[in-house]
Amino acid sequence: MPDLENPFEETLLRRNRAEPCTVVIFGATGDLTHRKLIPALYNIAACGDLPPQFKVVGFARRDKSDDVFRTELETGNRKNSRQGHNDELWENFSHSIHYHRSEFEDLEGYRALGRLLDQFDEERGTPANRLFYLASAPEYFKPILELIREAGLNRGSGDKWARVVCEKPFGKDLQSARTLNEVVAGTFEEKDTYRIDHYLGKETAQNIMVLRFANALFEPNWNSRYIDHVQITCAENLGMEGGRGGYYDTAGALRDMVQNHLFQLLTLVAMEPPTDLSADSVRDEKVKVIRALRPLVGPEAVGANVIRAQYTAGSVDGVPRVGYRQEDRVNPESKTEAYVALRLFVDTWRWQGVPFYIRVGKQLPKKATEISVHFKKPPQVPFATAQLPGSSENTLVIRIQPDEGIALRILCKQPGQALSMQQVKMDFRYSSSFGKASPEAYERLLLDAMAGDATLFARRDEVENAWKFIDELEHAWHKTDTPPPMCEYPAGSWGPKEADELLAQDGRVWRLL
Ligand code: BG6
């Protein structure tokens with residue numbers, strides 16, 4: 001029996017209540033649809049969680065039939081499906097896929113889409129529930145949203161709903177994010193707007209709240225009295241493969257990863273307990289963290305706390321890699337960072353004086369994302385004469401990916417006559433404890449959007465406050481006379497020496513991953 005007293009259980013139930021609906025994907029011939037969205041929907045189907053009478057319509061500019069579209073998607077699914085590809089299951093699932101050709105700026109195309117959706121609803125006897133997914137290039141978000149409204153497709157009423165999911169990037173600075181938010185708000189209410197941050201859909205990211213608030217053990221220690229500092233690392237061992245250089249060079253690590261994914265992880269670690277698990281209660285607490293970030297204004301403050309860098313030629317896993325400026329579609333004189341490390345402070349009562357060190361970069365030695373919480377050392381009085389290992393602090397490591405899990409490093413006495421100590425690891429691994437792979441982030445997020453649960457999506461004020469902070473850094477780098485330097489690191493190393501020095505100034509080191 002579900003335990004309705006338990007708020008986590010209640011959220012779970014809400015999630016399983018996705019109603020019949022049609023998902024319309026704008027930009028359906030793009031990479032995201034093939035690599036992530038359709039495989040996610042297929043895997044939701046494979047788990048039996050798709051709402052009944054489900055349909056998905058791809059909206060894009062190229063001419064093609066339903067059959068051709070399905071065959072193309074099948075190829076993508078074979079490559080990218082988490083649970084593999086089953087012909088019979090695909091055959092059933094693929095009947096729910098349709099293609100609608102239209103220009104993004106052609107109102108008639110939206111009216112025709114409306115007629116098609118109505119026809120599906122009539123045939124299936126389903127309510128007109130629609131989830132519009134903006135997966136096109138961001139410059140089309142505006143016309144798409146405006147024409148959805150003009151064609152009257154944005155109106156839910158009574159028991160039918162219309163929602164929009166916006167892919168990242170959600171703006172490139174505060175100004176553009178505000179403008180985009182205005183455009184979205186002109187078509188959809190905030191409660192029907194789902195801004196994707198796929199890091200929030202990752203299983204271990206979701207587990208941070210459970211770890212903190214459903215266990216009595218951690219929360220009493222989760223403050224500046226017991227925590228020395230927190231590190232968040234997101235390392236990637238790829239560069240600009242697949243033609244990504246064109247986009248990336250206009251964004252950089254700060255905009256591409258920190259403003260969204262890394263800040264989301266930071267808020268989950270630093271937030272106060274929400275009063276309940278409703279989307280707004282959770283997001284109210286998260287936005288408070290972003291607003292409490294100590295601003296870094298001007299080249300001096302930015303230079304002292306933020307390190308930016310580009311990789312030079314090197315090798316990752318023995319494979320030679322070119323430098324960032326030599327990458328395909330990257331400006332050979334680029335001033336865009338492929339790595340950034342930050343020292344941040346959350347100015348709240350709980351976190352006073354506790355640094356949060358964040359680093360993210362391309363062409364590092366491995367792909368790994370983790371959060372480590374480093375506890376203060378206890379007074380060593382009774383063990384003053386004991387042999388302590390070099391690293392003796394308690395560390396709680398939350399591995400977001402790969403090898404998702406949580407490890408706690410504690411000191412133990414080594415067996416034997418002498419009192420000498422060693423750090424040991426208590427380790428929980430999702431794969432061995434639960435015996436099954438976690439769903440992909442997009443599976444969870446698509447299902448939540450269909451079920452009307454916005455908890456794992458960014459709210460307007462979260463996005464805008466994050467940009468407000470990031471804008472100051474970008475300003476110091478690109479619009480001042482004395483910008484902080486662009487540092488360098490060889491591809492395949494753990495980043496520039498300046499990032500090590502940032503921690504060394506505080507007597508700390510980056511955790512070895
Ligand atoms: C995307 C960024 O949002 O996240 C990419 O645009 C990055 O640059 C990717 O590679 C990382 O996601 P994941 O899930 O592979 O860690």
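Each chain carries its own residue numbering, running from 1 in the direction its sequence is written. This being a predicted model, a pLDDT of at least 70 is required before a residue's local features are given, and a value of 80 or more before pairs of side-chain atoms are given or counted; all residues contribute to the totals for chains, interfaces and linings. The side-chain quantities take in all heavy atoms of the structure and omit both hydrogens and water.

**Concerning the sheet that holds strand E14 (residues 395-401)**
Stage number 1. Reading across the sheet, the nine strands line up as E16-E15-E14-E13-E7-E12-E11-E8-E17 and stay open at both edges, with mixed pairing between neighbours. In this open sheet, the two strands that pair with only one neighbour each are strand E16 (421-429) and strand E17 (486-490). Taking each pair of neighbouring strands and ignoring which way they run, the sheet shows an average axis angle of 20 degrees.
Stage number 2. One requirement defines pairing of two strands: DSSP has to find at least two bridges between them. In this description a helix means any DSSP run of H or I spanning at least four residues, a strand means any run of E spanning at least two, and both kinds are numbered starting from the N terminus. Strand direction decides the pairing type here: strand E7 (residues 227-235) and strand E13 (residues 368-375), joined by eight bridges, are antiparallel. Bridge pairing in E13 links Ile227 to Phe375. Only the stretch in contact is used when fitting a helix axis, every axis being a line fitted to C-alpha atoms; angles between N-to-C directions are given from 0 to 180 degrees.

**Quick notes on the site of the ligand**
Stage number 1. What makes a residue near a molecule or strand is one non-hydrogen atom of that residue sitting within 4 Å of it. For the ligand, the full set of nearby residues is Lys168, His198, Tyr199, Lys202, Glu236, Arg244, Asp256, Met257, His261, Lys362, Lys367 and Gln401.
Stage number 2. Every accessible area reported is derived by Shrake-Rupley at a probe size of 1.4 Å, with residue values counting cover from the shown protein chains alone. Relative to its unbound accessible surface of 390 Å², the ligand loses 81% to contact with the protein.
Stage number 3. Looking at the shell around the ligand element by element, the count peaks at three residues for helix H10 (residues 253-270).
Stage number 4. Grouping the constituent residues of the shell around the ligand by class yields two nonpolar, three polar and seven charged. Each residue receives one of three labels: charged for Asp, Glu, Lys and Arg, nonpolar for Ala, Val, Leu, Ile, Met, Phe, Trp, Tyr, Cys and Pro, and polar for the others, Gly being one of them.

**Section: the packing of aromatic side chains**
The relation between two aromatic rings is expressed through the spacing of the ring centres and the mutual angle of the planes.
Stage number 1. Two aromatic rings, drawn from Phe, Tyr or Trp (for Trp, its six-membered ring), form a pair once their centres lie within 6.5 Å of each other, and the interplanar angle then sorts them: stacked below 30 degrees, edge-to-face above 60, tilted otherwise. In this structure the tally under the stated criterion is 22 aromatic pairs.
Stage number 2. A centroid spacing of 5.7 Å and a plane angle of 80 degrees characterise the contact between Tyr311 and Tyr324, whose relative ring orientation is edge-to-face. Of the two residues, Tyr311 is situated in strand E8 (residues 306-312) and Tyr324 in the loop between strand E10 (319-321) and strand E11 (339-345); the sequence distance between them amounts to 13 residues. Residue Tyr311 shares its accessibility class with Tyr324, and that shared class is buried.
Stage number 3. Ring plane angle 70 degrees and centroid distance 6.1 Å describe the contact between Tyr357 and Trp510, whose orientation is recorded as edge-to-face. With Tyr357 in strand E12 (residues 355-361) and Trp510 in the segment after helix H16 (497-504), this pair connects stretches of sequence that are 153 residues apart.
Stage number 4. Accessible area is worked out with a 1.4 Å probe on protein chains only. A residue is then buried under 20% of its type maximum, exposed over 50%, and partly exposed in between. Using a relative accessible area of 10% as the deciding quantity, one classes Trp510 as buried.
Stage number 5. Linked through ring pairs, Phe26, Phe59, Phe104, Tyr110, Phe132, Tyr140 and Phe188 together constitute an aromatic cluster.
Stage number 6. Charges are assigned to positions over rings by a cutoff of 6 Å between ring centre and Lys NZ or Arg CZ, combined with an angular limit of 35 degrees from the ring normal. One Lys or Arg, Arg163, reaches over the ring of Trp161 and ends 3.6 Å from the middle of that ring.
Stage number 7. Seen from the ring of Phe170, Arg195 lies directly overhead, with NZ or CZ sitting 5.0 Å from the centre.

**Considerations on the pattern of salt bridges**
Stage number 1. A pair is scored as a salt bridge if a Lys or Arg side-chain nitrogen falls within 4 Å of a carboxyl oxygen belonging to Asp or Glu. Enumeration over the complete set of coordinates arrives at 45 salt bridges.
Stage number 2. Lys64 is paired through a salt bridge with Glu72; the nearest N and O atoms lie 2.8 Å apart.
Stage number 3. Under the relative-accessibility criterion, Lys64 is labelled buried at 17%.
Stage number 4. One salt bridge in this structure joins Asp328 and Arg329, with 3.8 Å as the shortest N-O distance.
Stage number 5. Here the salt bridges do not stand alone but share partners, grouping Asp280, Arg283, Asp284, Arg459 and Asp461 into one network.

**Brief notes about the packing of helix H11 (residues 279-291) against helix H15 (residues 460-478)**
Stage number 1. One can describe the packing of H11 onto H15 by two numbers: an axis separation of 9 Å at closest approach and a directional angle of 10 degrees. Considered as vectors, H11 and H15 are oriented roughly parallel to each other. Facing Arg283, Lys286, Val287, Ile290 and Arg291 of H11, the residues of H15 in contact are Asp461, Glu462, Asn465 and Ala466.
Stage number 2. Among the residues making up the contact of H11 with H15, the classes are represented as three nonpolar, one polar and five charged. Orientation categories follow fixed angle ranges, with anything under 35 degrees roughly parallel, anything over 145 roughly antiparallel, 65 to 115 roughly perpendicular, and all other angles oblique. Contacts are assigned to residue pairs with any non-hydrogen atoms lying within 4.5 Å of each other.

**Focus on unusual backbone geometry**
As a rule of thumb, non-glycine residues mostly have phi less than zero, and peptide bonds are mostly trans rather than cis.
Stage number 1. Cis geometry is adopted by the peptide bond preceding Pro169, which originates at Lys168 and carries an omega value of 0 degrees.
Stage number 2. Inspection of the secondary structure puts Pro169 in the loop between strand E5 (162-166) and helix H7 (174-187).
Stage number 3. Between Gln401 and Pro402 the backbone carries a cis peptide bond, its omega angle lying at -20 degrees.
Stage number 4. Note on placement: Pro402 falls in the loop between E14 and strand E15 (405-413).
Stage number 5. Of note, the phi angle at Asp403 is positive, near 50 degrees, even though the residue is not glycine.
Stage number 6. Mapped onto the fold, Asp403 is located in the loop between E14 and E15.

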